[in-house]
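Inside the fold
Listed here are the chains, written in short residue letters.
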Amino acid sequence: MRGLKPFARGLLPFVALVLAWAAVTRAGLVAEIFLPRPEEVLRTGWDMALDGSLWTNIVASLGRVALGLVVSVPLAVGAGVAVGLSRRLAAVLEPVAGFFNSLSGIAWLPLAVTWFGLGWVSVTFIMVNTVFFLVFFNTLVGVRTVPRVFEHAVRTLGGSRRHLIFQVLVPGAMPSIVAGIRMGIGFGWRALIAAEMIATSTGLGFLIFNAQNFHQTDTILVGIITIGLIWLLTDRLVLQPLERWTVERWGMVSAA
Amino acid sequence: MDGRALGDGERRVSTLRHRTGRFALVVGALVLGWQAFLALSAPRRVDGALATQLEQAEYANITVTLGFPPEDFHIRVFQTHGIVSGVRGTTVLLNRVTPEHVRRISRYYWVQRISAQRSQS
Amino acid sequence: MTTRETAVTWLSLLGGFLAVWSVAAATLPVPAYMLPPPMAVLDAFTDLVVKGILPAYIAESLRRMLLAALIAFAIGVPVGIGLGVSRRLAEFTYPLLNFFQSVSGIAWLPLMLVWFGFGERTILVAVNYTVVFPVALNTLLGVRSVPRIYVNGLRTLGAPRWRIARDVILPGALPSIATGMRLGLAYGWRALIAAEMLVGAHGLGFMIFSAQNFHLTARIVLGMLVIGALWLVLDYFVFRPLEQATIERWGLIQR
């Protein structure tokens, strides 16, 4: 209940936006086909929710996100820690990882389609590599910034390499890793939508691109709103709290 | 108010000028040099006979010779300059090209030669 | 670690990578077009340059980015400042800006296609949209982060509003503006590539996309390398130094 007032206050701008939208469409400033009325969009959305077409596409997109995360995060963290163990290797690979960072996402789509053809594999691959490179880079940086004093402490106390990895390096790098995951999902979600427009026939990206073919602007708007809402909810309710908790739990700078 | 805003900051700003400024200068010089090269090498590509023909006529039908068989990209580029009427090996036949467009085509470094079409066959 | 050691490690890694790639390309039982050897990528580079295709597409993409940067700066900064000076207005519009930023320009592309068709304008609108929001948002945050004490200080000295804006608010917000530009352009570059693939009006995205249609995989790889390299060069020589400089020159103590 405590969060209700700020929540309502945060909702107000959007209510105002919808009202403005309704006013513009009623005033006849824009043709119906370019900007449908809010109630049209609501009705279409409702129909799509009822007949299931909205859910199948949402599930398809989110499923690819989940699969991409499950595959790439362990790989990226593992690779990042493995490389990070050798300071020399880490110093060299960091710029390389940075290069692949700037390359990640949709630019891989033609290559992915060449290898895997059209379909969910290519699209999920885009998600995988976007998250992988970002988390790999962030893991590298995170491991590198763990103060050596901790490593030495573990070694002096007779700790094995496993101890070093799991009790010092990984926790120490956690804030950076989680920040990387959050960024990865952010970039990855966008790249995923774009990839779905090009290379597959299910998912939210496909939904809105296909609707464009038939000039079904109300469907397009339903899709756009869904895409925005999903990201908003995920970021607000899951990712940001996770990041905050990680920093408080393992961050080396005290959370002010 | 800390003194950093005036002291240390000045030095760092000059690092920015150093890297970004150098980059801008190099890029600018390259761009200018390239434009100059294009402008200078363009006239050589146009056949003498065609040049005289263009001084009088409003349009010309031309043959553009490339060093390679043209791809989609080149056809599309040529379509903005005239009507593509045929492709023979490494040459492209373009109809109804104005002198201005011939000049623009001559500025493409990948074009070897522009000449008048021999006969309307 | 000395520069010599770095260089040696670099070269051996690169060499090893190229070697593995060549061997894989030669021995893996897949059709030739799936894994072109490194030499093929180099050949594709010379081929595309000789034919004038690569420079033209690079220029096309860069031109669109430059335009987006200018427009986003011209719109985003004033809007951010205008919204940021009033606490009420800033708090009211912040959720909206945040929401629209997360719905990237690409998601709006189908709607833009209905409005403007398959052409240059659609690409520009989508990319400009993508860049404007981070700029406006960060400008707004930057303006809000200027400590009131500076503004009030100038007010007590009787400075007019525009003077406060120019001498206190604008410099104070500059680091955030630079960050917003850098972030917006990072999103924008990716959105541009995606838009070029979908709309098809030339550009690097279009190049790698159409290369896939003809199974010219070496061109795809080359295009990807160029896309990554262009961003790196721009980020290293322009965006990061600018951001760094604004922080160091005008950044506030609490940073």
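Thresholds, definitions, all that
- Residues numbered from 1 in each chain as written.
- Chains lettered and ligands numbered in written order.
- Predicted model: local features only at pLDDT ≥ 70, side-chain atom pairs only at ≥ 80, totals over all residues.
- Helix = DSSP H or I, 4+ residues; strand = E, 2+ residues; numbered from the N terminus.
- Buried ≥ 20, exposed ≤ 12 C-beta atoms within 10 Å, placed from the backbone.
- Contact = placed C-beta atoms within 7 Å.
- Expected span 1.5 Å × (residues − 1).
- Bend = angle between axes of the 7 residues up to and from the residue.
- Pairing = 2+ DSSP bridges.
- Axes fitted to C-alpha atoms, helices over the stretch in contact; angles between N-to-C directions.
- Nonpolar A, V, L, I, M, F, W, Y, C, P; charged D, E, K, R; others polar.
- Parallel < 35°, antiparallel > 145°, perpendicular 65-115°, else oblique.
- Left-handed = near helix turned anticlockwise from the far one by under 90°.
- Core = buried A, V, L, I, M, F, W, Y, C linked by C-beta atoms within 7 Å.
- pLDDT = per-residue confidence, 0-100.

1. Focus: the overall build of chain B
Across its full length, chain B holds four helices and four strands. Along its sequence from the N terminus, chain B presents helices and strands in the succession α-α-β-α-β-β-α-β. Burial statistics for chain B: of 121 residues in total, 17% are counted as buried. A sequence separation of at least 24 residues applies to 62% of the contacts in chain B between residues at least 6 apart.

2. Remarks on helix α8 (residues 161-199) of chain C
Owing to its 3.6 residues per turn, the α-helix aligns residues three or four sequence positions apart on the same side. Residue and element names in this part refer to chain C. For α8, with 39 residues, the first-to-last C-alpha span of 45 Å runs short of the 57 Å given by 1.5 Å per residue. In α8, a bend of some 45° at L174 exceeds every other bend along the element, and P175, a proline, comes one to four places later. With 28 of 39 residues buried, α8 is to be regarded as a mostly interior element.

3. As for the sheet that holds strand β1 (residues 60-66) of chain B
Residue and element names in this part refer to chain B. Taken in spatial order, the four strands make up an open sheet running β2-β3-β1-β4, and their pairing is antiparallel. Sheet topology places β2 (83-88) and β4 (111-116) at the edges, where each strand pairs with a single neighbour. Neighbour-to-neighbour, the strand axes of this sheet turn through a mean angle of 25°, independent of strand direction. With five bridges connecting them, β1 and β4 associate as antiparallel partners. The residue of β4 that forms the bridge with L66 is V111.

4. A few points about the interface of chain C and chain A
Between chain C and chain A, the contact holds 41 residues from the first and 36 residues from the second. When contributions to the side of chain C that touches chain A are tallied by element, the ones reaching two or more residues are α1 (3-27), α4 (87-102), α5 (105-116), α8, α9 (204-213) and α10 (217-250) of chain C. Ranked by residue count, the leading element in the side of chain C that touches chain A is α10 of chain C, at nine residues. Looking at the side of chain C that touches chain A residue by residue, the classes come out as 30 nonpolar, nine polar and two charged.

5. Overview of the environment of I62 of chain B
Residue and element names in this part refer to chain B. Following the sequence through the fold, I62 ends up in strand β1. Separated by 31 residues in the primary sequence, I62 and L93 place their C-alpha atoms 6.0 Å from one another. Once you skip the residues sitting within four places of it in the chain, I62 turns out to touch L50, L94, V97, V102, I114, S115, A116 and Q117.

6. Structural notes on the packing of helix α8 (residues 161-199) of chain A against helix α9 (residues 204-213) of chain A
All names here are of chain A. In contact at an axis separation of 7 Å, α8 and α9 are set at 50° when each is read in the N-to-C sense. With respect to α9, the element α8 is oriented oblique. The two elements α8 and α9 cross, and the hand of that crossing is right-handed. Residues L192, I193, A194, A195, E196 and M197 of α8 form the contact with α9, whose own contacting residues are L204, G205, F206 and F209. Per-class residue counts for the contact of α8 with α9 are eight nonpolar, one polar and one charged.

7. Examining the packing of helix α7 (residues 148-156) of chain A against α8 of chain A
Residues and elements named next belong to chain A. In the contact formed by α7 and α8, the axes pass within 10 Å of each other and the chain directions differ by 160°. Classified by the interaxial angle, the pair formed by α7 and α8 is roughly antiparallel. As for the relative orientation of α7 and α8, their crossing is right-handed in sense. Contacts between α7 and α8 pair F150, E151 and V154 from the former with H163, L164, Q167, V168 and G172 from the latter. Each residue belonging to the contact of α7 with α8 can be placed in one class, and the counts come to four nonpolar, three polar and one charged.

8. Topic: the nonpolar core
Counting residues in each nonpolar core, the largest one holds 135 residues, and the members touching the most others are I126, V135 and A195 of chain A together with A126 and A195 of chain C. It is α8 of chain C that provides the largest number of residues to this core, a total of 19 residues. Apart from residues lying up to four places away in sequence, A195 of chain A is in contact with I106, L109, V123, I126 and G205 of chain A. Ranked by size, the runner-up nonpolar core spans 16 residues in total, among them V46, L50, V97 and I114 of chain B.

9. What about the arrangement of the chains?
The chain pair with the greatest number of contacts, out of two pairs of chains in contact, is formed by chains A and C. Contact between chain A and chain B is absent, and the minimum C-alpha spacing across the pair is 18 Å.

10. Brief notes about the confidence of the model for chain A
In this model, chain A carries an average pLDDT of 85, and 96% of its residues clear a pLDDT of 70 or more. Mean pLDDT across the elements of chain A ranges from a minimum in α7 of chain A, with 79, to a maximum in helix α5 (residues 109-116) of chain A, with 93.

11. Quick notes on unusual backbone geometry
The backbone of H215 of chain A shows a phi angle near 55°, a positive value even though the residue is not glycine. Here H215 of chain A lies in the loop between α9 and α10 (217-250). Residues other than glycine seldom take positive phi values, yet H215 of chain C does so here, at roughly 60°. The topology assignment puts H215 of chain C in the loop between α9 and α10. Taking the C-beta count within 10 Å as the criterion, H215 of chain C has 15 such neighbours and is therefore assigned partly exposed.

12. With respect to the pairing of β2 of chain B
All names here are of chain B. Counting buried residues in β2 gives zero out of six residues, a small share hidden from the surface. In terms of strand pairing, β2 meets strand β3 (residues 91-97) through five bridges, oriented antiparallel. Bridge assignment links I83 to a residue of β3, and that residue is N95. Taking the residues between adjacent antiparallel strands as the criterion, β2 and β3 are bridged by two residues, where G89 takes a positive phi near 60°.

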